[in-house]
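Observations on the model geometry
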Amino acid sequence: MAAKLANIYEALLRKYGQKYTITYKMPPTYINNIIGVDENQEKILLFYIEERCNPKVADSVSPSKINIKKNKKTDLNLTGSPLQDDCEVDTIDDDVDIPMNLICAKPWKLDEEWHKGITLENARGIICSPSFQLCPAARQSVGSVWFLCLPHDVKKTLLLQYEFTSKGSFSRGIVHYIGLISAKAITTQSLLKNHFFAVGVERTCIETHIENIYQIKNNITIRCSWSTVSPLPPLIDLSTCDVILNQTFRADSCHPLTEDFFNQLLILISIREDILSFKKSQDSDIIREPVYRCGIGIEISEIRETINKAMLEMAEFLPTHCTDSDIEDVIQSAKLRRLNDLTDNLWEILKRCSSYKDLKLAFNVLFQSAARSNIVNTPANKNRLAEIITEISNRRLAIPCLTGSEPLELLLEIGLEKLYKDYEYIFVESKICSSNDLRNKWARKDHKEDEAAILNVRKSLRNAVFQPENAAVRKTLLQNDRKASNDQDDLVGLKNSNFDEIESAQTLEKLFQIHCTLEHVIMIHINLNLSNAYYEIFDQLLRRAPRTIDQIHDRSIDEIQISLSAHYVRDQLQGKDPHSRRISIISSDKFRQVKSTFYFNMNNICPPNILEMTNFEEQMLTKENMYYHWLYRKIIS
């Protein structure tokens, strides 16, 4: 279909391209708003005049950037908040390329402010010309050609439509701006009277499609729609309508309660980028150490003290909540809860190191402490750092010498596990879902390594701690030099880290999806209080395909459409006027079909170049809700 319409585009561009601007793309916002997105799902041809002398376009945007918000608290409280992110904000902002996101607050796109109509006479002249209707390319073309008009006639004609159809039928459409109308004046009787006045006689077959959109916030709308063949249908029905919740979350506008979680996610993304950057540099002639740029600094004496405290003090297991908890209270308690697992506590300590050198030293302190002490708080997590600590404390492994990006890789792994636990705690304690539900949504095909790769293991030359004479010699891993060797099959391979580029990206993508789900649930909780629908919302959101790791920065806006049952929103919307309304009445007989679409919006959806609103003051003279009113009429014969 698109290729056939492209032939028309080529022919019209050759004939009229010097005088008019002709585009072949998806419809502009003002056409989609008036006639509905479902009416135009393909590309269209649009005639208009481009006028770029509008100085307001440059002032219509507000740049925004994802910034990691710095927590001014510098004290580390292992028994208190585990989310006091001490990330160097300026450093990450300088090093990470986070593009600017230009957001337009107006209901149209910025380039649509340059659209200006052509005269109605010229538009009709082009449509009625034989070269337009009978050109060779038009015989097999399918699609719509639209003409943007100057609304200088009595009926304020904005748009003319000529549609090419494969059946050879006649199809035209026209859009008029009617003016301002009060909410009380919109009745079924008045709309039917207008429709049948244009039809001439009352048709036997009539169908009505109604769509009401309620504006909850600038970024939250509820669309209620239904179809009926009733001869006198109600214009508002909150009992049997289909409900779609549209919501937009901006990553740089997190809820204050969730900023710490999102900061953790950005820190983990930064650590992974540093790991990959170092691995790429290994292939070049430039030899350098990895970069670590998240911590604000911690003294070596404090490192020793906090690590020993985390390993030697018995963790306190707090009981879970038995009663339903408000999600905001649960998030607050998640930030203040005591961490039970050793590696979760170590994440809070190690991430504060100000450089790669300090981070590497901190791991050495940790391993020495594990070798010389009897660990009371035994790691329960299944990450690689927990395995190393357990093996060292049980005298089965020498103190490993971390090189390259291994310190960052171990830190990334425990940070990912810690952040997942934070989200799990919130969803489970707020009774949105169970841990199994979240785990099942999280499940994906794991990235498996080549089973033929055999790890290169060497014996440690010197044990870090005293061992009995008859004790087996402990083994540790050489660096990432993996070579297959049949005579080493009897050796047990131990890696210093389990880092996998693909798996880490997938984990971060899923964590970002979970965070966006949390943000949407909070927005719904605050603005709609649909507590009974939380699991249904949670299930729909986590079924979406997660974004790629590159899109987390590039696309900082997460937009969702969720289907809800009508009874969830009935009480919130009862008695309120919709922000916009679209009522389409279709009547037909064996000769032709007539469709009248009445579109109402409390805001003007047309840029100033297209439609100047000279009578806006009328809306201020009454306390009633007023609508801007457009009429789209289409005839197919």
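Residues numbered from 1 in each chain as written. Predicted model: local features only at pLDDT ≥ 70, side-chain atom pairs only at ≥ 80, totals over all residues. Heavy atoms only, no water.

1. Things to note about the overall build of the chain
Of the regular secondary structure elements, the chain holds 18 helices and 17 strands. Across the 637 residues that make up the chain, the buried fraction comes to 52%. Looking at the chain alone, contacts between residues at least 24 apart form 75% of all its contacts between residues at least 6 apart. Here the chain has roughly 31,300 Å² of accessible surface; of this, 50% comes from carbon and sulfur atoms. (Helix = DSSP H or I, 4+ residues; strand = E, 2+ residues; numbered from the N terminus. Buried < 20%, exposed > 50% of the residue type's maximum accessible area, 1.4 Å probe, protein only. Contact = heavy atoms within 4.5 Å. Areas by Shrake-Rupley, 256 points an atom, 1.4 Å probe, with all protein chains shown as cover.)

2. Quick look at unusual backbone geometry
Located in the positive-phi region is Lys-156, a residue other than glycine, with phi close to 50°. Tracing the backbone shows Lys-156 in the loop between β6 (143–148) and β7 (157–164). With relative accessibility at 30%, the residue Lys-156 sits in the partly exposed group. At Arg-395, a residue that is not glycine, the phi angle is positive and equals roughly 60°. Structurally, the position occupied by Arg-395 is in the loop between α12 (384–393) and α13 (406–429). Under the relative-accessibility criterion, Arg-395 is labelled partly exposed at 30%.

3. Topic: the packing of aromatic side chains
Counted under the stated rule, the structure contains 18 aromatic pairs. Note on Tyr-16 and Phe-47: the rings are 5.9 Å apart at their centroids and 70° apart in plane angle, and the pair reads as edge-to-face. One end of the pair, Tyr-16, is in helix α1 (residues 2–16); the other, Phe-47, is in strand β2 (residues 44–50), and 31 residues separate them in sequence. Both residues of the pair, Tyr-16 and Phe-47, count as buried. Here Phe-427 and Phe-538 contribute two aromatic rings whose centre-to-centre distance is 5.4 Å and whose plane-to-plane angle is 45°, an arrangement assigned as tilted. Residue Phe-427 is located in helix α13, and its partner Phe-538 is located in helix α16 (residues 534–542); the two are separated by 111 residues in the primary sequence. (Phe/Tyr/Trp six-rings, centres within 6.5 Å; stacked < 30°, edge-to-face > 60°.)

4. Regarding the pairing of strand β10 (residues 220–228)
Strand residues, when the strand is regular, have side chains that alternate between the two faces of the sheet. Counting buried positions over the nine residues of β10 gives seven, a clear majority of the element. Pairing geometry for strand β9 (residues 205–217) and β10, over nine bridges, is antiparallel. Bridging across to β10, Lys-217 finds its partner in Ile-220. Here β9 folds back onto β10 in antiparallel fashion, the turn holding two residues. Two elements, β10 and strand β11 (residues 242–250), share six bridges in a ladder whose sense is antiparallel. Bridged to Ile-222 within β11 is Leu-245. (Pairing = 2+ DSSP bridges.)

5. Section: α13
An ideal rise of 1.5 Å per residue puts 34 Å on 24 residues; α13 measures up with 35 Å between its terminal C-alpha atoms. A positive backbone phi angle near 65° is found at Lys-431, which sits one or two residues after α13. (Expected span 1.5 Å × (residues − 1).)

6. Side note on the confidence of the model for the chain
On average, residues of the chain score 80 in pLDDT, and 77% of them are at 70 or above. Confidence drops under pLDDT 50 across residues 55–84; counting only partners more than four residues distant or on other chains, this segment forms 94 contacts. Per-residue pLDDT stays below 50 along residues 88–104; that stretch engages in 46 contacts with residues further than four places along the chain or on separate chains. (pLDDT = per-residue confidence, 0-100.)

7. Structural notes on the pattern of salt bridges
The full count for this structure, using the stated rule, is 26 salt bridges. Between Glu-39 and Lys-595 there is a salt bridge; the shortest N-O distance is 2.8 Å. With a gap of 556 residues between them, Glu-39 in the loop between α2 (29–35) and β2 and Lys-595 in strand β16 (residues 593–601) connect regions that are remote in the sequence. Taken together, the salt bridges that share partners define one network made up of Arg-337, Glu-348, Lys-351, Lys-418 and Asp-422. (Salt bridge = Lys/Arg side-chain N within 4 Å of Asp/Glu carboxyl O.)

8. Focus: helix α14 (residues 435–442)
Turning to α14, its buried residues are Leu-438, Lys-441 and Trp-442. Across the axial projection of α14, the buried residues extend over an arc of 105°, all falling on one side. Looking at the buried side of α14, the elements it contacts are α13, α15 (501–527) and α16. (Arc of directions from axis to C-beta.)

9. Some remarks on the environment of Pro-608
Within the secondary structure, Pro-608 sits in the loop between β16 and β17 (626–636). Residue classification places Pro-608 among the partly exposed residues on the basis of a relative accessible area of 31%. A sequence separation of 495 residues divides Pro-608 from Glu-113, and the C-alpha atoms of the two residues are 6.9 Å apart.

10. Notes on the packing of helix α9 (residues 327–336) against α15
Helix-helix packing is characterised by the crossing angle of the two axes and by the distance between the axes. At their nearest, the axes of α9 and α15 sit 10 Å apart, and the two run at 140° to each other. Classified by the interaxial angle, the pair formed by α9 and α15 is oblique. Contacts from Ile-327, Glu-328 and Ile-331 of α9 reach α15 at Leu-518, Val-521, Ile-522, His-525 and Ile-526. Here the contact of α9 with α15 is composed, by residue class, of six nonpolar, one polar and one charged. (Axes fitted to C-alpha atoms, helices over the stretch in contact; angles between N-to-C directions. Parallel < 35°, antiparallel > 145°, perpendicular 65-115°, else oblique. Nonpolar A, V, L, I, M, F, W, Y, C, P; charged D, E, K, R; others polar.)

11. What about the packing of helix α11 (residues 356–372) against α12?
Taken N-terminus to C-terminus, the directions of α11 and α12 make an angle of 40°; their axes are 7 Å apart at the nearest point. Classified by the angle their axes make, α11 and α12 are oblique. Between α11 and α12 the crossing geometry is right-handed. Seen from α11, the contacting residues are Phe-363, Leu-366, Phe-367, Ala-370 and Ala-371; seen from α12, they are Leu-385, Ile-388, Ile-389, Ile-392 and Ser-393. Here the residues of the contact of α11 with α12 sort into nine nonpolar, one polar and no charged. (Left-handed = near helix turned anticlockwise from the far one by under 90°.)

12. A word on the environment of Leu-631
Structurally, Leu-631 is set in strand β17. Discounting chain neighbours no more than four positions away, the residues touching Leu-631 are Ile-174, Val-175, His-176, Ile-178, Asn-194, Ser-596, Thr-597 and Phe-598.

13. A short note on the nonpolar core
Among the nonpolar cores identified, the biggest contains 119 residues, and Ile-271 and Leu-564 are the most heavily contacted of them. Of all the elements, α13 adds the most residues to this core, at 12 residues. Each residue touching Leu-564, except ones within four places of it in the same chain, is listed here: Val-243, Leu-245, Leu-530, Ala-533, Glu-536, Ile-537 and Val-569. Membership of the second largest hydrophobic core comes to 24 residues, among which are Ile-34, Leu-180, Tyr-599 and Met-626. (Core = buried A, V, L, I, M, F, W, Y, C linked by side-chain atoms within 4.5 Å.)

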